[in-house]
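Architecture at a glance
Below, each chain spelled out in residue letters.
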Amino acid sequence: MWNRVILKERGRNAFRANRVTCIFASFILSVVAGGGSIPTTTVNINNEQIDINNIPPEVIKGAIAALGLASVVAFLLSVFVFNPVQVGLKRFFVLNATDSQTGLDRNTIGRGFVEGNYTNVVAAMFTRDLFVFLWTLCFIVPGIIKAYSWRMVPYIIAEDPQITGTEARMRSAQLMYGSKMDAFVLDLSFIGWVMLGVLTLGIGNIIWTNPYHDATDAELYRTLKGETSGTVAEPELQEALLVDVEAVPRAEDRPVKAAPETPEAADVNTDKDTADNDNDRTDFVR
C-alpha cells in the first residue's frame, strides 16, 4: 500500500524541479477540464435587479438558443480538442517525475494529436466520460466511484494511444482496486491549500495547489504501476525510503549461537563423565 505523505513529497519535489512549465501545464489542464456556474433568475445591472420574467419572450428564446449553441460548441471542443490535450498533459507530468527538463512538446501536450493516435484517443476518452456521466445519473455516488475507478484512463491512453477505451478502463480499474478510498483521502488533503488559494483570488491555486496536485496524481499513477525508480527526491526523503545497508551485519560477521543442550544429550554427557571418572579411579588403584 502506498503512503500519502511520501507520495505528496515526491509530487512536490517534481513540481519544484520544473516549476514554471508545471504551472503552465497545470493551468492549461484546469482550463480544458471545464467548469460550471449556477443559473439565477435575476440579473444585477447598475445595482438594480431585473426579473427575467419581465423580459420579452423573443429575447429569452434568443438567449436560450445562444446558450444551446454555446453548449454544443463547448461539448465538441471538449471531445475533439480538450480531451486529447488532457491526455498529453498527463503524459507531461508522468515524464516530469523523472526528468525535470521535460517540456510541452509534440511528445507531451501534442501526443494525443499525433497521426494514428487521434481517433482512438478521442473515442477512448469520450466513452470514459460518457459512462461516468451515466453512472452519475444513478444517485451520483456510483458516478463518483466510477470516476475514481477510471481515474488513470488518461495516463494509460497517454502511455499507449492505441489502446481501446474498454481495455483502458479495465486496466485503470485494476490499478485503482483497493485504492479508491485512499485516493479520495489524498484529494481531501489538498482542501487546505485550495481554501488558501481562494483567499488569494485563485492565484495561489494557479501557481501552487493545482500543479502540486497534478504532479502528485502522476506520482500516484507511477506508484500503482510500480514505477518509482528515478523519482526526483530530496536527500532527507531518500534517507527515509532507503535502508541503511551498512548497519545490517553480514552473515559471516554475526556471532554463532550454540544450540541449547537437550536433556538426552545432557544425560549422555553425564554418563560419559562418570565412566571417565571410574577409569581414573581404577588406574589409581593399580
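See the structure above.
Report on the accompanying structure. (Residues numbered from 1 in each chain as written. Predicted model: local features only at pLDDT ≥ 70, side-chain atom pairs only at ≥ 80, totals over all residues. Heavy atoms only, no water.)

On to the packing of helix α2 (residues 19–32) against helix α3 (residues 57–96). Here α2 crosses α3 at 150°, and the two axes come no closer than 10 Å. The angle between α2 and α3 falls in the class roughly antiparallel. You can see that α2 and α3 cross each other, and the crossing is left-handed. Between α2, through Thr21, Cys22, Ala25, Ser26, Ile28, Leu29 and Val32, and α3, the contact on the second element is made entirely by Phe82, Val85, Gln86, Leu89, Lys90, Phe92, Phe93 and Asn96. For the contact of α2 with α3, the class distribution of residues is 10 nonpolar, 4 polar and 1 charged. (Axes fitted to C-alpha atoms, helices over the stretch in contact; angles between N-to-C directions. Helix = DSSP H or I, 4+ residues; strand = E, 2+ residues; numbered from the N terminus. Parallel < 35°, antiparallel > 145°, perpendicular 65-115°, else oblique. Left-handed = near helix turned anticlockwise from the far one by under 90°. Contact = heavy atoms within 4.5 Å. Nonpolar A, V, L, I, M, F, W, Y, C, P; charged D, E, K, R; others polar.)

Enumeration over the complete set of coordinates arrives at 10 aromatic pairs. An aromatic cluster is built from Phe15, Phe190, Trp193, Trp208 and Tyr212, whose rings are joined through pairwise contacts. Between the NZ or CZ atom of Lys8 and the centre of the ring of Phe190, over which it lies, the distance is 4.5 Å. Of note, Arg169 hangs over the ring of Trp150, and the distance from its end group to the ring centre comes to 5.7 Å. (Phe/Tyr/Trp six-rings, centres within 6.5 Å; stacked < 30°, edge-to-face > 60°. Lys NZ or Arg CZ within 6 Å of the ring centre and 35° of its normal.)

On to the nonpolar core, then. In terms of nonpolar packing, the biggest core is built from 40 residues, with Phe15, Phe93, Met152, Ile157 and Leu220 touching the most fellow members. Looking at this core, the elements with two or more residues in it are α1 (4–17), α2, α3, α4 (118–136), α6 (153–159), α7 (165–176), α8 (180–188) and α10 (203–225). Looking at this core, the element that brings in the most residues is α10, giving 7 residues. Once residues lying within four places of it in the same chain are set aside, the contact partners of Ile157 are Val87, Val121, Ala124, Met125, Ile163 and Ala168. (Core = buried A, V, L, I, M, F, W, Y, C linked by side-chain atoms within 4.5 Å. Buried < 20%, exposed > 50% of the residue type's maximum accessible area, 1.4 Å probe, protein only.)

Another point: unusual backbone geometry. Of note, Ile140 is a non-glycine position whose phi angle comes to about 70°, a positive value. Residue position: Ile140 is located in the loop between α4 and α5 (141–149). Of note in the backbone geometry, Leu201 takes a positive phi value of approximately 60° without being a glycine. Looking at the secondary structure, you find Leu201 in the loop between α9 (191–199) and α10. Given the relative accessible area of 79%, Leu201 is considered exposed.

Function-wise, these values are silent; they only describe arrangement.
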